[in-house]
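Observations on the three-dimensional arrangement
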Amino acid sequence: MSENNQFLDALAQMQEVKPGDIVDVNVLSVEDGQINVGVQGAGVEGVITRRDFTNDRSVNLREAVKPGDTFKAYVVRRAGGDKENGEFFFSVTRVKEREAYDKLQKDFEEGKTIEGKVTSSVRGGLLVDVGTRGFLPASLISNRFVSDLKPYIGKTIKVKITEIDPAKNRLILSHKELIEEEREQAFENVASQLVVGDVVEGRVSRLTQFGAFVDIGGVDGLVHISEISYKHVDKPSDVLKVGQDVKVKVIGIDNDRNRISLSIKQTEPSPFEQATANLNEGDIIEGEVKSLTNFGAFVEVADGIQGLVHVSEISNKHVDKPSDVLTVGQKVKVKVLNVDPSERRISLSIKQADPENASSSNDRPRARRSSNNDSVARKYMNNDDNGFSLGDMIGDQLKNR
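Everything numeric here is computed off the predicted structure, so don't read it as measured data.

A closer look at the overall build of the chain
The secondary structure content of the chain amounts to nine helices and 20 strands. A total of 401 residues make up the chain; the buried ones form 39% of that total. Restricting to contacts in the chain with at least 6 residues of sequence separation, those with at least 24 account for 59%. Surface summary for the chain: the accessible area is close to 23400 Å², and the carbon and sulfur share equals 45%.

In structure tokens:
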């Protein structure tokens with residue numbers, strides 16, 4: 001057989017290569033930005049750029065492949081001349097995309113969770129390699145606002161597919177959906193073991209202007225700023241720090257919105273409870289008149305804690321107005337008539353603090369007339385647990401004007 005005939009036979013056996021084909025290639029050499037390959041059985045050479053080899057921009061091509069390696073590649077297009085160093089452009093990522101999209105479509109239809117590696121950050125989100133390149137919008141990374149995307153680069157994360165369109169090479173992912181599903185399941189597990197009033201250990205996970213989030217077994221509960229301390233708190237960060245272990249009381253469970261309300265201050269005795277711990281009915285103590293109203297006098301019996309001396313308990317003699325016989329700042333002896341921790345209320349008597357007055361008062365019992373003043377006196381302690389509200393002290397006087 002002539003040399004010409006042998007050449008023609010060899011040429012006939014060569015594989016025809018055209019764009020859109022998937023062919024087997026051999027690595028001929030590796031450069032910094034591309035891989036030079038030859039198509040097996042075709043006598044055709046070409047190049048694979050870094051972008052067409054992998055979605056991971058940090059990969060070192062010289063370490064990833066070596067001359068002699070073989071793999072499948074997608075024929076992208078014919079090269080335009082010698083300056084492009086080959087006859088065709090090939091792509092490995094296109095092959096992986098075809099295979100990946102078939103699997104991803106099935107995962108999407110079945111609602112499966114998949115894993116991917118974050119390769120880089122772009123405007124508006126992250127690029128994730130899940131066999132092909134998917135886009136994870138910043139708004140779908142977490143159930144909280146994410147300002148810095150860099151810490152995610154290089155990490156492997158679990159995601160769900162929210163949109164897939166192979167024809168447009170479009171793949172949208174979500175990590176937020178998984179977080180919310182896990183959070184809902186965690187809430188159900190934790191909430192089912194809690195009842196309002198339970199005191200549990202937790203750890204401060206996040207601080208905001210309006211309060212502190214505390215992790216109690218994998219679920220964050222909110223301690224509103226008003227529930228951090230009995231003392232006034234300007235900012236939660238003034239008294240708490242992230243990672244701090246705290247004891248909290250469960251004060252509310254909202255199963256519809258998956259929320260748990262907590263309190264730090266309610267795990268400790270209130271200032272009222274502390275101040276009145278050793279205060280018993282019948283005790284005679286000294287106090288200071290802090291304010292006067294038409295229905296009585298408010299006397300401070302401990303730091304920030306006041307009790308009410310009703311006008312009928314000031315003297316055995318008839319008193320029209322407390323200001324007729326008492327002055328603000330005056331030191332007086334009072335007898336404790338009643339301590340009500342639940343209402344944070346202390347009832348006092350000046351006349352019964354004097355043994356002689358007390359005995360004569362006992363000898364001459366008088367029927368007490370009820371009035372609107374009594375209802376005001378019953379609610380004189382305010383919610384801050386440190387005295388009386390201004391409305392309670394002057395409200396009755398305003399009514400009489």
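Focus: the sheet that holds strand E5 (residues 88–91)
Within a beta sheet, neighbouring strands are joined by backbone hydrogen bonds and run either parallel or antiparallel to one another. Strand order in the closed barrel formed by five strands is E1-E2-E3-E5-E4, with mixed pairing between adjacent strands. For this sheet the average axis-to-axis angle between neighbouring strands, irrespective of direction, equals 50°. Across four bridges, the pairing between strand E4 (residues 70–78) and E5 is antiparallel. Bridged to Arg78 within E5 is Phe88.

Comments concerning the pattern of salt bridges
Here the structure, examined in full by the defined rule, presents 14 salt bridges. Salt-bridge contacts for Asp21 lead to Lys18; the nearest nitrogen and oxygen are separated by 3.6 Å. We note a salt bridge from Asp107 to Lys103, for which the minimum N-O separation is 2.9 Å. Here the residue Asp107 and the residue Lys103 both occupy positions in helix H4 (residues 93–110), the gap between them amounting to four residues, near one helical turn. Taking the relative accessible area as the measure of exposure, Lys103 reaches 53% and is therefore exposed.

What to know about unusual backbone geometry
For Asn169, which is not a glycine, the phi torsion comes out positive at approximately 55°. By the element assignment, Asn169 lies in the loop between strand E9 (156–165) and strand E10 (170–174). For Arg344, which is not a glycine, the phi torsion comes out positive at approximately 55°. For Arg344, the position within the fold is in the loop between strand E19 (331–340) and strand E20 (345–349).

Structural notes on the environment of Gly329
For Gly329, the location among the structural elements is in the loop between strand E18 (305–310) and E19. Judged by relative accessible area, Gly329 falls into the partly exposed class, the value being 36%. Taking the C-alpha atoms as reference, Gly329 lies 8.4 Å from Ser291; in sequence the two are 38 residues apart. The residues contacting Gly329, other than those within four sequence positions of it, are Glu288 and Val289.

Description of the side chain of Thr293
Secondary-structure assignment places Thr293 in the loop between strand E16 (284–292) and strand E17 (296–302). A polar contact is formed between the side chain of Thr293 and the backbone nitrogen of Phe295, at a distance of 3.2 Å.

So, the pairing of strand E1 (residues 22–30)
Pairing of E1 with E4, which is carried by five bridges, proceeds in the antiparallel orientation. If you follow Ile22 over to E4, its bridge partner there is Tyr74. Here five bridges tie E1 to strand E2 (residues 34–39), and the two strands are oriented antiparallel to one another. Bridging across to E2, Asn26 finds its partner in Gly38. Connecting E1 to the next strand, E2, in antiparallel fashion are three residues.

So, the sheet that holds E20
The mixed closed barrel is built from five strands, whose spatial order is E16-E17-E18-E20-E19. Across the sheet, the mean angle from the axis of one strand to that of its neighbour is 50°, orientation sign disregarded.

Focus on the confidence of the model for the chain
Per-residue pLDDT for the chain averages 82, and the proportion of residues at 70 or more is 83%. Highest mean pLDDT in the chain belongs to strand E12 (residues 211–215) (95); lowest belongs to helix H9 (residues 390–400) (40). Low pLDDT, under 50, characterises residues 10–14; the stretch is placed with four contacts to residues that sit more than four places away or in other chains.

A word on H4
Compared with an ideal rise of 1.5 Å per residue, which puts 18 residues at 26 Å, H4 spans 25 Å between its outermost C-alpha atoms and is within 8% of the ideal. The axis of H4 is deflected most strongly, by about 25°, at Ala100. When H4 is considered as a whole, its buried residues turn out to be Thr93, Val95, Glu97, Ala100, Tyr101, Leu104 and Asp107. Positive backbone phi, approximately 70°, marks Gly111, located one or two places after H4.

Focus on the environment of Val246
Of note, Val246 is situated in strand E14 (residues 245–254). Taking the C-alpha atoms as reference points, Val246 and Arg203, separated by 43 residues in sequence, lie 5.8 Å from one another. With residues near it in sequence (within four places) discarded, Val246 still touches Val200, Glu201, Gly202, Val204, Val214, Leu240 and Ile264.

Concerning the packing of aromatic side chains
Within this structure, the stated rule accounts for four aromatic pairs. Measuring from ring centre to ring centre gives 6.2 Å for Phe88 and Phe90, while their planes differ by 45°; the resulting arrangement is tilted. According to the relative accessible area criterion, Phe88 is buried, its value standing at 2%. Judged by its relative accessible area of 0%, Phe90 falls in the buried class. For the cation-ring pair, Lys96 lies above Phe53, with the distance from its terminal atom to the ring centre recorded as 6.0 Å. The lysine or arginine in question, Arg206, covers the ring of Phe213, its NZ or CZ lying 4.2 Å from the ring centre.

Here is what the cut-offs are and how they apply
- Residues numbered from 1 in each chain as written.
- Predicted model: local features only at pLDDT ≥ 70, side-chain atom pairs only at ≥ 80, totals over all residues.
- Heavy atoms only, no water.
- Helix = DSSP H or I, 4+ residues; strand = E, 2+ residues; numbered from the N terminus.
- Buried < 20%, exposed > 50% of the residue type's maximum accessible area, 1.4 Å probe, protein only.
- Contact = heavy atoms within 4.5 Å.
- Areas by Shrake-Rupley, 256 points an atom, 1.4 Å probe, with all protein chains shown as cover.
- Pairing = 2+ DSSP bridges.
- Axes fitted to C-alpha atoms, helices over the stretch in contact; angles between N-to-C directions.
- Salt bridge = Lys/Arg side-chain N within 4 Å of Asp/Glu carboxyl O.
- Polar contact = N/O pair within 3.5 Å; in protein donor to acceptor, adjacent residues only side chain to side chain.
- pLDDT = per-residue confidence, 0-100.
- Expected span 1.5 Å × (residues − 1).
- Bend = angle between axes of the 7 residues up to and from the residue.
- Phe/Tyr/Trp six-rings, centres within 6.5 Å; stacked < 30°, edge-to-face > 60°.
- Lys NZ or Arg CZ within 6 Å of the ring centre and 35° of its normal.

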